[in-house]
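Now for the letters of each chain:
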Amino acid sequence: MAGLQQTNSEMILLSWVRQSTRNYPQVNVTNFTTSWSDGLAFNALLHSHRPDLFDWNAVSSQSPVQRLDHAFNIARQHLGIEKLLDPEDVATACPDKKSILMYVTSLFQVLPQKVTMEAIREVEMLPRHSRVTREEHIEVHEQHFSQEVSFTFLLSSCCSKVVVSLLT
């Protein structure tokens, strides 16, 4: 049930982002990883709600790291959102999904939150591979492997008699 709730929360958040950035042709947010790495989505999200804060054309011509730095600084100075992410960590082939979700959720809490049913239906219609990237798939396997390693370590720290009895 918690997984379903998380998925629904992510879908609503993604719907809000897509609805907010609809008028920015360079921006097509389909996930919470690669769609954010060039900095355009963060700036479009901010600009769509607060166009008075900066000139979109000036920002869109900057490098990805410059755009990310710009968005994070604008959010800190004008919206009170701490600079939780480093531009260099986001401007990668696969930014951390949880970090992006956390930051976008912070924006969602301070910006207007109207989400239409049309925007939610649009996200539901996105191809499944757009919503779950290869990197997210790898992350799940890494977590599973990490749990196996932790369990193995726990077993090895027990006395050998207990380990032998568990394995047989």
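Cut-offs and rules
Residues numbered from 1 in each chain as written. Predicted model: local features only at pLDDT ≥ 70, side-chain atom pairs only at ≥ 80, totals over all residues. Heavy atoms only, no water. Buried < 20%, exposed > 50% of the residue type's maximum accessible area, 1.4 Å probe, protein only. Helix = DSSP H or I, 4+ residues; strand = E, 2+ residues; numbered from the N terminus. Arc of directions from axis to C-beta. Phe/Tyr/Trp six-rings, centres within 6.5 Å; stacked < 30°, edge-to-face > 60°. Core = buried A, V, L, I, M, F, W, Y, C linked by side-chain atoms within 4.5 Å. Contact = heavy atoms within 4.5 Å. Axes fitted to C-alpha atoms, helices over the stretch in contact; angles between N-to-C directions. Parallel < 35°, antiparallel > 145°, perpendicular 65-115°, else oblique. Nonpolar A, V, L, I, M, F, W, Y, C, P; charged D, E, K, R; others polar. Salt bridge = Lys/Arg side-chain N within 4 Å of Asp/Glu carboxyl O. pLDDT = per-residue confidence, 0-100.

(A) Region of interest: helix α7 (residues 117–124). Of all the residues in α7, the buried ones are Ala 119, Ile 120 and Val 123. Along α7, the residues classed as buried sweep out an arc of 100° about the axis, all on the same side.

(B) Local environment of the packing of aromatic side chains. All chains considered together, the criterion is met by seven aromatic pairs. Ring centres 5.6 Å apart and planes at 80° place the aromatic pair Phe 42 and Tyr 103 in the edge-to-face group. Remark: Tyr 103 occurs in helix α6 (residues 97–110) and Phe 42 occurs in helix α2 (residues 40–49); sequence separation between them is 61 residues. Each member of the pair, Phe 42 as well as Tyr 103, carries the same accessibility label: buried.

(C) Broad picture of the nonpolar core. Core analysis: the biggest nonpolar cluster contains 39 residues, and Trp 16, Trp 36, Phe 42, Leu 46, Val 104 and Leu 107 have the highest contact counts within it. Contributing elements (two or more residues each) for this core: α1 (2–20), α2, α3 (56–60), α4 (64–79), α6 and α7. Filtering out sequence-adjacent residues up to four positions away, Leu 46 remains in contact with Phe 54, Ala 71, Ile 74, Ala 75, Leu 79, Leu 107 and Leu 111.

(D) Structural context of the packing of α2 against α6. Taken N-terminus to C-terminus, the directions of α2 and α6 make an angle of 10°; their axes are 12 Å apart at the nearest point. As far as their axial angle goes, α6 and α2 are roughly parallel. Here α2 contributes Phe 42, Leu 45 and Leu 46 to the contact with α6, which in turn contributes Ile 100, Tyr 103, Val 104 and Leu 107. Here the contact of α2 with α6 is built from residues that sort into seven nonpolar, no polar and no charged.

(E) Layout of the pattern of salt bridges. Per the stated rule, a full pass over the model turns up six salt bridges. Measuring nitrogen to oxygen at the nearest pair gives 3.2 Å for the salt bridge that ties Glu 10 to Lys 97. With Glu 10 in helix α1 and Lys 97 in helix α6, the pair connects residues that are 87 residues apart, well separated along the chain. Overall, Glu 10 belongs to the buried group, its relative accessible area being 16%. Here Arg 22 and Glu 122 are joined by a salt bridge, their closest N and O atoms 3.3 Å apart. A residue pair is termed long-range when its members are at least 10 positions apart, and Arg 22 in the loop between α1 and α2 and Glu 122 in helix α7 qualify at 100 residues. One network of salt bridges, in which partners are shared, links Arg 18, Arg 22, Glu 118 and Glu 122.

(F) Broad picture of the confidence of the model for the protein chain. Looking at the protein chain, pLDDT values average 79 and 72% of them are 70 or higher. Ignoring residues within four places in sequence, the model shows residues 130–134, a span with pLDDT below 50, making nine contacts including any to other chains.

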